[in-house]
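# Descriptive analysis of the structure
In case you want the letters, here they are:
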Amino acid sequence: MIRTISYSHWNGCPRLKPLIFYRFTLILAFAAAVVSAHGATRGDLLRGAYGRYRANNDLLFYHLDIRVDPEKKFLQGKNTIRFRMLKDGKRIQLDLHPALQIDKILLGRVRLRHTRDLGAVFVDFPQVLKAGAEYTIDFYYSGHPVETGRFGAITFRKDPTGHPWVNTACEETGASVWWPNKDQWRDEVEGMEISVAIPNGLVDVSNGKFVGKTDLGDGYTRWDWRVQYPINNYDVSLNIGNYVHFSDRLGDLPLDFYVLPEDKPKAEQQFTQAKGMLQIFGHYFGDYPFPQDGYKLIEVPYSGMEHQTAVTYGNHFTNGYLGRDWVGSGISLRFDFIIIHESAHEWFGNSVTAADRSDMWIHEGFATYMESLYVESRWGRADALKYLNGLKPKVKNLEPIISARGVNSTPPIDQYFKGALFLNTLRSVVDNDPRWWALLHGFYQHFKYQNIMTEDVVEYFNKQTGMNLTPIFDEYLRHAALPVLELKWSPGGSLRYRWQAYEPGFAMPVLLGTPEHWQRITPTTVWQTMQTPVSRDQFQVATDLFYVKVDWMP
Ligand SMILES: [Zn+2]
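These numbers were taken from a predicted model, which means no experiment stands behind them. (Residues numbered from 1 in each chain as written. Predicted model: local features only at pLDDT ≥ 70, side-chain atom pairs only at ≥ 80, totals over all residues. Heavy atoms only, no water.)

To continue, consider the coordination of the zinc ion. For the zinc ion, every protein donor is listed as His341 (NE2), His345 (NE2), Glu364 (OE) and Glu364 (OE), and the spread of their distances is 2.0 to 2.8 Å. Coordination geometry of the zinc ion: the four donor atoms subtend angles of 52 to 155° at the metal centre, consistent with an arrangement described as irregular. Of note, the zinc ion draws all its donor residues from one chain, in the sequence arrangement H-x3-H-x18-E. You can see His341 sitting in helix α7 (residues 337-344) and its partner Glu364 sitting in helix α8 (residues 361-379), a full 23 residues away along the chain. Each member of the pair, His341 together with Glu364, is buried. (Donors = N, O, S within 2.8 Å, 3.2 Å for Na, K, Ca; no water. Tetrahedral: all angles 85-135°; square planar, octahedral: opposite > 155°, others 65-115°. Helix = DSSP H or I, 4+ residues; strand = E, 2+ residues; numbered from the N terminus. Buried < 20%, exposed > 50% of the residue type's maximum accessible area, 1.4 Å probe, protein only.)

Printed below as a string of structure tokens:
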């Protein structure tokens, strides 16, 4: 269903496999040759734009039913796609990576014609599909998917004891890298079934509630999972391995954990952190978003990913991020970064989802800020501020956090760290903690299970606070550089001040003076003068509460 309210990475080391990638070089070289004004390729436009053949329909349900051969690195099966037409039309756009073959597309028994254009698949119907009517098609496909992008998108590995280990993580590349779907962020299905047939003896863990498994009698067993909430495409996951399972509960919420047998003792210890995390995030935002589907942690060979109700985990069962003091303040070693960060996405990313990748800070800025809320809840405000301000060296301030829309763009890493520091700044602007907690809670509750854009966030905060926060949001999210507080000392304890900012209406309050006696002022982009009893060498700006640059003018 389309839940958009009002409006139309960091890249680690990509593990590109040169040999597998080779046969696509020609196709991709051609795509790259046609580049738009945004630097987007033709493939990016096909993936990123919400064009007429996407906008004419509304997704309702997927049943992904596939067989996976881990030895041959081969997939075969179908996705049954149910949708409602929003306008009369004879054509819709779906997506499937060119490496995979389309075996047939059926409407009932009628075989549908289709045209492929890079990753896009345009499906043509013999008759006009009527606005308001629902249709179901079966999209059959097969092939050897490519391994590409930060986490490989879909990887066929062996675990340390030699068992097959197949995992997906395709946020960056798009889910159509391994299964056919309407591969964009705006429209989500209402629910989904995932059936994965795999060699006997292995386990598949996908999203949602485990329904059961069926021995197919040919050496394969089918594992069935049911997703009972809206889900975005890149969250859909399969994890095939020699997993062992253990479980727990948090009230009525089932907690299920799947790890390699040799890691079970460590996991039983480390995964106890999940309960406290769920309670803390529940406190700030409201209950875990997907209670009927449960919460799962699944061991994988990469660091981790927020797959809805099936959070994948590869943080070596240690605190910090891959054993490191990730934020450098000592605090990140007190908790498991992957459990906290990836699970935070159950609220922001999975329940509240951005409608375009351009606005992905709604996932990453909030999830990073939620790390600091976890710290605040457990160890207090001072440590939370230390944690947040420890993020500053990671911020680049070279590109705006919101990237180009409709072109499959990837926002810069500032969406994480600057996004979190911006939210901390916004709390200081609101300057009333009970009100801030109510705002955060209300914001999540208002938009849960929906796909939104930054404009929706701004409108909500403006309406609820009665303030005009638009210039502040715009300054931090739509411009690269930080606002600069320009200060000029005059004799006799008088201080001149103004903001150097891109937004003409930028008038953000800030605290000055000394931590014992902060003075709250609201500079604008025009010089003003204040009196201060504080001497120049004692004088400070509360830059741990407001993420700004300070420039003393001569
Ligand atoms: Zn994240």
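What follows continues from the structure just given.
On to the confidence of the model for the protein, then. Chain-level pLDDT for the protein is 93 on average; 94% of the residues reach the 70-or-more range. Across residues 6-34, confidence stays below pLDDT 50; counting only partners more than four residues off in sequence or on other chains, it has 52 contacts. (pLDDT = per-residue confidence, 0-100. Contact = heavy atoms within 4.5 Å.)

A few words on the environment of Asp224. Tracing the sequence through the fold places Asp224 in strand β14 (residues 220-227). A sequence separation of twelve residues divides Asp224 from Gly212, and the C-alpha atoms of the two residues are 5.5 Å apart. Leaving out residues up to four positions away in the same chain, Asp224 has contacts with Ile194, Ser195, Lys209, Phe210, Val211, Gly212 and Thr214. Within the structure, Asp224 has its side chain in polar contact with the side chain of Ser195 (distance 2.7 Å). Within the local environment of Asp224, its side chain forms a polar contact with the side chain of Arg222, the two groups lying 3.1 Å apart. (Polar contact = N/O pair within 3.5 Å; in protein donor to acceptor, adjacent residues only side chain to side chain.)

What follows covers the pairing of strand β3 (residues 89-95). With five of seven residues buried, β3 lies mostly within the body of the structure. In this sheet, strand β7 (residues 120-129) lies alongside β3 in antiparallel orientation, the contact comprising six bridges. Counterpart to Leu94 in the pairing with β7 is Val121. (Pairing = 2+ DSSP bridges.)

Before going further, it helps to spend a moment on helix α11 (residues 433-447). The terminal C-alpha atoms of α11, which comprises 15 residues, lie 21 Å apart, in line with the 21 Å expected from a rise of 1.5 Å per residue. Residues of α11 that are buried: Trp436, Leu439, Leu440, Gly442, Phe443, Tyr444 and Phe447. Residues of α11 that are buried sit in contact with α6 (273-285), α8, α10 (414-430), β22 (451-452) and α12 (454-465). Two residues or fewer past α11, Tyr449 is found with a positive phi of approximately 65°. (Expected span 1.5 Å × (residues − 1).)

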